[in-house]
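Next come the chains, spelled out residue by residue.
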Amino acid sequence: MSGHGKDRLRQQALTGLTSVGIVALAGVAGALLILLAGRNPIETYGAILSGAGLGWFIPGQSASHYTQAAFGLQQTLGLLVPLVLLGFAVAIPYRAGLFNIGGQGQLIMGSIAAVWFGSAITGLPAPAHITLAVVMGAVLGALWAAIAGVLRAWLGTNEVIVTIMLNYIAIWVGSFLFGIGGPLQNEAQPTQPVSETVAESARIPVIWGSAALQGLHAGIFLVPIVVGVVWLVQHRTTVGFETAAVGSNVEASRYLGIPVSRRYVMAMVFGGALAGLAGAMEILGWQFRIATADLHASQLGFVGIAIALLGRNTPIGVVLSAFLFAVLINGSSNRNLDPSAFPPELASYLTLIGQGVIILLVSLNAERSLDFLRRRLARVLRRKVAS
């Protein structure tokens, strides 16, 4: 192996170890909080893993435990789908040097498009209806993100500020559309601020479990497809090379003739399309309608930031990070966590704190810090050996 290859392998190993170390530190922070609550951290984390359905992989269980584990695992894998998409919604623009904080707003706009096309149009066969609603969700998410991309590319407006503002605009657009008296409010429930219910023909079929119990839907097949497409674009296309070049050095990219403005817009559009697709998956896969209260309460889009940062913006890293958060979120939910191990009403805060710790550690550039400590330690050891 060449020197360059060894350096690259060492860097990848260090990156992976850094992510593992960040997860471990976040786990320690959570354990301290569990101790403050007077509970056992090992039992609590075990209950979260059990609630997420990971016990399904353990042989020799009773039929009732196996059924309960399957129920939890179906929900965990179903949650994995939007989380992977939201992770890439942050990771792809980040590769171009952009920080897409607007995944939540793009997800909401994708949800709005999916619920409208899924409920207002009738008479289509199921494959065509599902495809139409999914595509329109991705399109509206892409258009929403394009606003920030265009403003950054041609006016130099900070995309962080724009996407944050667009999140709030998306929430209130949905509240207007589906609120009481709104143009898209459910006509059969005039006193409830909810949308129409998605037609049966637009619902993504369940492949494992029961649709009534949020079984795993066919959207899970999007995960390997999206991972493969992202990897190919990033590593085997001119667009991927130019996007990475723009993210590394804007001025050098302009000197080389790379269309920087176009790459900015394209990166935001691709990221927004995936966030909108995540919203469509949520609506067509199990929610089937939008309530205005959910628009204000949902924080799923912001989890994508922690997923991308922990996954180091790489395809495999994003998937592994998304699975970790899917386990934590689903395993700590009120319906899945054993209350004797930890109060479910407090458990959700563990995931939020974990997100904060991960973002904090990544922002401190933990990878460089660990590399610095490793080099200092090696230098000290060499001096001791020499003496």
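Look up: the structure comes first, before these words.
A short tour of the structure in this document, coming up. Bear in mind the structure is a predicted one, so any value in this text is a computation, not a measurement.

Our focus in this paragraph is the overall build of the protein chain. Along the backbone of the protein chain there are 15 helices and 2 strands. Here the C-alpha atoms of the protein chain give a radius of gyration of 22 Å, agreeing with the 21 Å that 2.2 N^0.38 yields for 387 residues. With the C-alpha coordinates of the protein chain rotated into their principal frame, the extents come out at 85 × 60 × 35 Å. Residues classed as buried in the protein chain amount to 47% of the 387 residues present. In the protein chain, of all internal contacts separated by at least 6 residues, the share reaching a separation of at least 24 is 71%.

All right, on to the packing of helix α4 (residues 103–120) against helix α10 (residues 260–287) then. Look at α4 against α10: their axes get within 7 Å of each other, and the N-to-C directions meet at 50°. In terms of orientation, α4 and α10 fall into the oblique class. Here the hand of the crossing between α4 and α10 comes out right-handed. Residues Gly-103, Gln-106, Leu-107, Gly-110, Ser-111, Ala-114 and Val-115 of α4 lie in contact with α10, whose contacting residues are Gly-271, Gly-272, Ala-275, Gly-276, Ala-278, Gly-279, Ala-280, Ile-283 and Leu-284.

This part is about the pattern of salt bridges. Evaluation of the coordinates by the stated rule reveals 4 salt bridges. Residue Arg-203 is joined to Glu-200 by a salt bridge in which the shortest nitrogen-to-oxygen separation is 3.2 Å.

Turning to the nonpolar core, a few remarks are in order. Ranked by size, the top nonpolar core spans 84 residues in total, and within it Leu-83, Leu-85, Phe-88, Leu-284 and Phe-325 carry the most contacts. When residues of this core are assigned to their parent elements, the largest contribution, 14 residues, is made by helix α3 (residues 63–95). Ignoring sequence-local partners within four residues, the contact set of Phe-88 consists of Pro-93, Val-226, Val-227, Val-230, Leu-274, Pro-315 and Val-318. One finds Ile-34, Ala-47, Leu-337 and Ala-347 within the second-largest nonpolar core, a separate group that totals 8 residues.

Criteria and cut-off values
Residues numbered from 1 in each chain as written. Predicted model: local features only at pLDDT ≥ 70, side-chain atom pairs only at ≥ 80, totals over all residues. Heavy atoms only, no water. Helix = DSSP H or I, 4+ residues; strand = E, 2+ residues; numbered from the N terminus. Rg over C-alpha atoms; globule rule 2.2 N^0.38 Å. Buried < 20%, exposed > 50% of the residue type's maximum accessible area, 1.4 Å probe, protein only. Contact = heavy atoms within 4.5 Å. Axes fitted to C-alpha atoms, helices over the stretch in contact; angles between N-to-C directions. Parallel < 35°, antiparallel > 145°, perpendicular 65-115°, else oblique. Left-handed = near helix turned anticlockwise from the far one by under 90°. Salt bridge = Lys/Arg side-chain N within 4 Å of Asp/Glu carboxyl O. Core = buried A, V, L, I, M, F, W, Y, C linked by side-chain atoms within 4.5 Å.

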